[in-house]
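Below, each chain spelled out in residue letters.
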Amino acid sequence: MPRVTLKSLASELGLTEATVSRALNNYSDISEATRMRVQDMAKAHGYAPNPLARGLARGVAEAVAYIMPASVGGISEPFVAQLLQGLGESLSKRKWDLVVVQTPTAEEEADVIARLARTGKVSGVVLSRPYKIDQRISLLQAAKLPFVVHGRSKDSADYAWYDVDNTKAFIEIIDHLVSLGHRRIGFIGAPSYYNFAQQRLDGFKSGMKANGLAPDEQLIEFCEMTDAGGANAAAVMLAADDAPTAIVCATDMQAIGAIEAIRARSLTPGKDISVIGYDGLSIGKHCNPPLTTMAQPLVHSGRILGDMLLAVIDGADPKSLQELRSAELVRRMSDGPNRALTAPTMSKGETS
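Here the structure is a predicted model, which is why all the values come from computation and not from measurement.

## Some points on the pattern of salt bridges
Two side chains that carry opposite charge are able to pair once their charged atoms sit near each other. Summed over all chains, the structure comprises 13 salt bridges. A salt bridge links Glu109 to Arg136; the nearest nitrogen and oxygen atoms lie 3.5 Å apart. In this pair, Glu109 sits in helix 6 (residues 109–119) while Arg136 sits in helix 7 (residues 135–143), placing the two residues 27 residues apart along the sequence. The class for Glu109 is buried, based on a relative accessible area of 1%. Given a relative accessible area of 4%, Arg136 falls into the buried group. With its nearest N and O atoms 2.5 Å apart, the salt bridge here joins Arg325 to Glu323. One continuous salt-bridge network, built from bridges that share partners, spans Glu109, Asp134 and Arg136.

## Details of the nonpolar core
By size, the foremost hydrophobic cluster in this structure holds 60 residues, and its most contacted members are Leu9, Val20, Leu24, Tyr66, Ile188 and Val275. For this core, the element with the highest residue contribution is helix 12 (residues 298–313), accounting for nine residues. In this structure, Phe170, Leu177, Phe187 and Tyr278 belong to the second largest nonpolar core, which totals 20 residues.

## Brief notes about helix 11 (residues 252–264)
Across its 13 residues, helix 11 extends 18 Å between first and last C-alpha, which sits within 8% of the 18 Å expected from 1.5 Å per residue. Most of helix 11 is tucked away: ten of the 13 residues are buried. Every buried residue of helix 11 is accounted for by Asp252, Met253, Gln254, Ala255, Ile256, Gly257, Ala258, Ile259, Ala261 and Ile262. Close packing links the buried residues of helix 11 with helix 5 (78–92), strand 6 (185–189), helix 10 (227–238), strand 8 (246–249), strand 9 (274–279) and strand 10 (292–295).

What counts and what doesn't
- Residue numbers run consecutively from 1 along every chain, following the written order of its sequence.
- Thresholds applied to this predicted model are a pLDDT of at least 70 for local features of residues and 80 or more for the giving and counting of side-chain atom pairs; totals over whole chains, interfaces and linings are not thresholded and use all residues.
- Excluded from the side-chain calculations are hydrogens and water; all other atoms, namely the structure's heavy atoms, are used.
- A carboxyl oxygen of Asp or Glu within 4 Å of a side-chain nitrogen of Lys or Arg is what we treat as a salt bridge.
- Strands here mean DSSP runs of E at least two residues long; helices mean DSSP runs of H or I at least four residues long; both are numbered from the N terminus.
- Residue exposure (1.4 Å probe, protein chains only): buried if accessible area is under 20% of the type maximum, exposed if over 50%, otherwise partly exposed.
- For this analysis, a nonpolar core means a set of buried residues of the types Ala, Val, Leu, Ile, Met, Phe, Trp, Tyr and Cys, connected via side-chain atoms within 4.5 Å.
- In this analysis, the expected span of each helix is defined as 1.5 Å times one less than the number of residues it contains.
- The contact definition used throughout considers only heavy atoms, calling two residues in contact when any of these lie within 4.5 Å.

What follows is the structure, given as structure tokens:
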């Protein structure tokens, strides 16, 4: 008799593998009727999730690893903290553990992946901030270690991923700034070896072109995804003879730095120069002024990534677990009309 798998169970029920996995693990977003139907069918066929079956036989670890990008400062970095919160919430429903691994350099990540696959200390891996050509993904596939990626490499057809449409987001940012009267817009980008960095740059340029504007290469800077990097990049733009009236940043942390650079020149962010970031980090609410951002739901993303990874571990086809969402513009106080267009003009006979 053929072994009952998550895939065959999903096919018989007419549901996705991810839905069946979530129903079997009692996730709250699955209706009671669906949960009972799935669990009754699983019981009737004698199905048990792969991790449990393998755990009874071989003691498979009830843990997954998050490989922290070598470029980030640590768990305290807001991007990582919010993502880990969601991952932890997802895994806790199955009472699994989350292991956070960081290497000093990107080159050492290959050794980490090999060790995780060899030791069996985790049953799966979460990656974030993928590179355009990401050797880590190839290594995980070769090691047959289940994984999910927060983002996409250039070729993302054959693995599980969750991503936000970066290109669309930056087109929408430019549309918004143009509607406020801005024409001279600067861009602070992330290092180009990240695929999301290229997507955000593409969105910026596409948005400018769609609005009949030519990006000025003198107003395009690249730096590390930190407030210090953003401050330095913005300072270069602000020193130009024809400075921008608005600055778009690839990350919120860069945007926070840009705000600092604007204030350092005795200018008012949001009035003299608009600044918009990307990520939706909670820290942006506490800037002076509060940061306008294109928000991606990081805690929510963490939960989805955890759910996807558990589904892959349970036997779901990774290619069936690919989700692209849209970011949302959250307006606070760091963006506003182009001041040059709103400044009052003197009437005849008036003197300055």
